[in-house]
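Given next are the chains, with one letter for each unit.
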Number of protein chains: 2
Amino acid sequence: MEDNTRLKPYKKDFGYSYTLGVFPTLELINNKPDVISRIVLSTKSESNQGVAKILEFAKKSGIPALFDDKTLNRISPKENCFAAAVFEKYDCSLEVTANHLVLVNPADKGNLGTILRTATAFGIENIAIISPAADIYDPKVVRASMGALFHVNFCYFEKFEDYQKAFCGTNRNLIPFMLDGQPINKVAADLKDSDYSFSLIYGNESSGLPAEFLQIGTPARIMHSNNVDSLNLPMAVGIGLYTFTNFN
Amino acid sequence: MEDNTRLKPYKKDFGYSYTLGVFPTLELINNKPDVISRIVLSTKSESNQGVAKILEFAKKSGIPALFDDKTLNRISPKENCFAAAVFEKYDCSLEVTANHLVLVNPADKGNLGTILRTATAFGIENIAIISPAADIYDPKVVRASMGALFHVNFCYFEKFEDYQKAFCGTNRNLIPFMLDGQPINKVAADLKDSDYSFSLIYGNESSGLPAEFLQIGTPARIMHSNNVDSLNLPMAVGIGLYTFTNFN
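Below is a summary of the structure that appears in this document. Computed from a predicted model, the values in this text were never measured in an experiment.

### Describing the overall build of chain A
Turning to step 1, where the next piece is worked out: Of the regular secondary structure elements, chain A holds 8 helices and 10 strands.
Turning to step 2, where the next piece is worked out: Over its C-alpha atoms chain A spans a radius of gyration of 20 Å, differing by no more than 12% from the 18 Å that the globule rule assigns to 248 residues.
Turning to step 3, where the next piece is worked out: The principal-axis extents of the C-alpha atoms in chain A amount to approximately 55 × 40 × 35 Å.
Turning to step 4, where the next piece is worked out: Across the 248 residues that make up chain A, the buried fraction comes to 54%.
Turning to step 5, where the next piece is worked out: Of the contacts formed within chain A by residues at least 6 apart in sequence, a portion of 82% connects residues at least 24 apart.
Turning to step 6, where the next piece is worked out: For chain A, the separation between the mean place of its 24 positive charges and that of its 27 negative charges on side chains is 5 Å.

Next up, the structure:
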């Protein structure tokens, strides 16, 4: 990309994406500065403190930063976007011995972003995603994650079996979240003395995990009243992460 | 409303609102059938099982139900809305001796709906809302709540003090969620033997609770890593509800 006039609304097949907003742009600068190729700012943002920090970074690092409302309006569906960074997509891989979060076919971009934010909050920073799934680089995901995307390692797999082959020897506790599982507090208490890492596994927003996951590891269930059908996916993930990590 | 041609996109000052979608419409039918004044259905929905149940209810109760795509498109911002009910707004009041959730200035409609769904899941069905706040009757709230709105008692108050005067004698444990609070597990353990009900109190999405809430009851805090600024509001509420109720 030689100039801003070439920047178009994000599409999945682009080799780059955008942080839309001051906060995710600062998180990108603080965590993955090397992948930033340019910065676009709103002329309305000149008195914004975050934008001052972004400009300081651009000056120090020699990355082009332009006040360009037209480009910003073109690439951001939301008004009131004060800053955007263009960044190259990057590869990352999961830590073999870390605790993992495994998302099977997550479909909603806002949910995926909220999950990344919450996983980072509870110190789970290795995330496996089983396709088909939302595109983690979509600016809506980046925005909903509040930039937590840049804190985590993530990896897409075509099938759950591929993840299993790569990471699940006998040394890992697999916890699929399912309606037929045991209460999570019991499962978490049983795991407390385990020397092995765990993988918390969640299904798709509308369909959950298929029945075959009952045969995998120790299925767990978040108990709730019968007055709702289910918790929403980010909430179920957040309560699972909270229960299985040491932050509670 | 004598016919569908009068139905317009929802505004806060209307005396009625809409459930947009089959699921929230069925929840309304199951929980507050008396407030329904009419039903609008999509011609694309004829083979939908939920719509069959809605039609059965309309037939039994004598409430008018019409297939009317034009009206549905006019009142629903989302495509693929198969059913809507028009319902009269109703008054409700909080149970004096129940556990309460208190939301101070919640601004986001989707968040408010998610919170209602999660509160219902964990059996907290009395919700105080301090103004200014999102309109709980907005169809976006109803939709995000998956119809849980119709399970809860809610009441708006102009100031927190008004809620306090009405409901907080010496017989209620007040738990404001704040960064300066004690870890919630400690607070929850200390409360376990209390004979009194509790009120979990949460601030606005961007500003949290003002400092004066430190003087009120026992401030509590959800511990998390420093790699995120905060949890999002529904997540913080969900983890608080999960920790303080008997579903965990």
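### Some words on helix α1 (residues 22-31) of chain A
All names here are of chain A.
Turning to step 1, where the next piece is worked out: With 7 of 10 residues buried, α1 is to be regarded as a mostly interior element.
Turning to step 2, where the next piece is worked out: Taken together, the buried positions of α1 are Val22, Pro24, Thr25, Leu26, Glu27, Leu28 and Ile29.
Turning to step 3, where the next piece is worked out: Looking at the buried residues of α1, the elements they touch are β1 (16-20), β2 (36-41), α2 (49-61), β4 (83-88) and α5 (139-144).

### As for the relation of the copies chain A and chain B
Turning to step 1, where the next piece is worked out: The transformation that overlays chain A on chain B combines an axial shift of 0.0 Å with a rotation of 180 degrees, and the residual RMSD is 0.0 Å. The superposition operator between the copies reduces to a two-fold rotation axis.

### Comments concerning a positive patch on the surface
Turning to step 1, where the next piece is worked out: Residues Lys8(A), Lys11(A), Lys70(A) and Arg74(A) make up a contiguous surface patch of positive charge.
Turning to step 2, where the next piece is worked out: Position of Lys70(A) among the secondary structure elements: in helix α3 (residues 69-75).

### Regarding the packing of aromatic side chains
Residue and element names in this part refer to chain A.
Turning to step 1, where the next piece is worked out: This structure, assessed with the given rule, holds 34 aromatic pairs over all chains.
Turning to step 2, where the next piece is worked out: Ring centres of Phe87 and Tyr137 lie 6.1 Å apart, and the angle between their planes is 50 degrees; this geometry places the pair in the tilted category. Here the residue Phe87 occupies a position in strand β4, and Tyr137 occupies one in the loop between β6 (126-130) and α5, the gap between them amounting to 50 residues.
Turning to step 3, where the next piece is worked out: What makes Phe87 buried here is its relative accessible area of 0%.
Turning to step 4, where the next piece is worked out: Tyr137 gets classed as buried once you look at its relative accessible area, which sits at 7%.

### A closer look at the pairing of β2(A)
All names here are of chain A.
Turning to step 1, where the next piece is worked out: Where burial is concerned, most of β2 is hidden: 5 out of the 6 residues are buried.
Turning to step 2, where the next piece is worked out: In this structure, β2 lies alongside strand β3 (residues 65-67), joined through 3 bridges in parallel fashion. Bridging across to β3, Ile39 finds its partner in Ala65.
Turning to step 3, where the next piece is worked out: On the question of chirality, the crossover connecting β2 to the parallel β3 by way of α2 is right-handed.

### Comments concerning the sheet that holds strand β1 (residues 16-20) of chain B
All names here are of chain B.
Turning to step 1, where the next piece is worked out: Pairing is mixed across the open sheet formed by 4 strands, whose spatial order is β1-β4-β2-β3. Looking at the sheet topology across the chains shown, the edges are occupied by β1 and β3 (65-67). Across the sheet, the mean angle from the axis of one strand to that of its neighbour is 20 degrees, orientation sign disregarded.
Turning to step 2, where the next piece is worked out: Bridge analysis of β1 against strand β4 (residues 83-88) gives 5 bridges, and the strand direction is antiparallel. Across the sheet, the residue bridging to Thr19 is Ala85, located in β4.
Turning to step 3, where the next piece is worked out: The strands touched by helix α1 (residues 22-31) are β1, β2 (36-41) and β4; relative to β4, the strand with the most contacts, the crossing angle is about 40 degrees.
Turning to step 4, where the next piece is worked out: Running at roughly 140 degrees to β2, helix α2 (residues 49-61) makes contact with β2, β3 and β4 of the sheet.

### Concerning the interface of chain A and chain B
Turning to step 1, where the next piece is worked out: Taken together, the contact pairs 31 residues of chain A with 31 residues of chain B.
Turning to step 2, where the next piece is worked out: At the boundary of chain A with chain B, total buried surface from both sides reaches about 2500 Å², with 63% on carbon and sulfur atoms.
Turning to step 3, where the next piece is worked out: On the chain A side of the interface with chain B, the three residues burying the most area are Arg117(A), Met235(A) and Tyr242(A), jointly 23% of the side's total.
Turning to step 4, where the next piece is worked out: On the surface where chain A and chain B come into contact, there are 0 salt bridges.
Turning to step 5, where the next piece is worked out: Counting across the interface, chain A meets chain B through 14 residue pairs in polar contact (both at pLDDT 80 or more).
Turning to step 6, where the next piece is worked out: Elements that contribute at least two residues to the side of chain A that touches chain B include exactly α1, α4 (109-121), α7 (184-191) and α8 (233-244) of chain A.
Turning to step 7, where the next piece is worked out: Examining the composition of the side of chain A that touches chain B, we find that 6 residues originate from one element, α8(A), more than from any other.
Turning to step 8, where the next piece is worked out: Within the side of chain A that touches chain B, the residues separate by chemical class into 14 nonpolar, 13 polar and 4 charged.

### Details of unusual backbone geometry
Turning to step 1, where the next piece is worked out: A cis amide bond links Ser131(A) with the next residue in sequence, Pro132(A), at an omega value of -5 degrees.
Turning to step 2, where the next piece is worked out: Note on placement: Pro132(A) falls in the loop between β6 and α5.
Turning to step 3, where the next piece is worked out: The residue Asn105(A) is not glycine, and still its phi comes out positive at about 60 degrees.
Turning to step 4, where the next piece is worked out: The backbone of Met146(B) sits at a positive phi, close to 55 degrees, despite the residue not being glycine.
Turning to step 5, where the next piece is worked out: Inspection of the secondary structure assignment puts Met146(B) in the loop between α5 (139-144) and β7 (153-157).

Procedures and definitions
- Residues numbered from 1 in each chain as written.
- Chains lettered and ligands numbered in written order.
- Predicted model: local features only at pLDDT ≥ 70, side-chain atom pairs only at ≥ 80, totals over all residues.
- Heavy atoms only, no water.
- Helix = DSSP H or I, 4+ residues; strand = E, 2+ residues; numbered from the N terminus.
- Rg over C-alpha atoms; globule rule 2.2 N^0.38 Å.
- Buried < 20%, exposed > 50% of the residue type's maximum accessible area, 1.4 Å probe, protein only.
- Contact = heavy atoms within 4.5 Å.
- Lys, Arg positive; Asp, Glu negative; His and termini not counted.
- Charge placed at Lys NZ, Arg CZ, Asp CG, Glu CD.
- Least-squares fit on C-alpha atoms with pLDDT ≥ 70 in both.
- Patch = residues over 30% accessible without salt bridge, like charges linked within 9 Å, V, L, I, M, F, W, Y side chains within 5 Å.
- Areas by Shrake-Rupley, 256 points an atom, 1.4 Å probe, with all protein chains shown as cover.
- Salt bridge = Lys/Arg side-chain N within 4 Å of Asp/Glu carboxyl O.
- Phe/Tyr/Trp six-rings, centres within 6.5 Å; stacked < 30°, edge-to-face > 60°.
- Pairing = 2+ DSSP bridges.
- Right-handed = clockwise from strand over helix to strand, strands pointing away.
- Axes fitted to C-alpha atoms, helices over the stretch in contact; angles between N-to-C directions.
- Buried area = accessible area lost by both parts, 1.4 Å probe.
- Polar contact = N/O pair within 3.5 Å; in protein donor to acceptor, adjacent residues only side chain to side chain.
- Nonpolar A, V, L, I, M, F, W, Y, C, P; charged D, E, K, R; others polar.

Geometric values such as these leave the question of function open.
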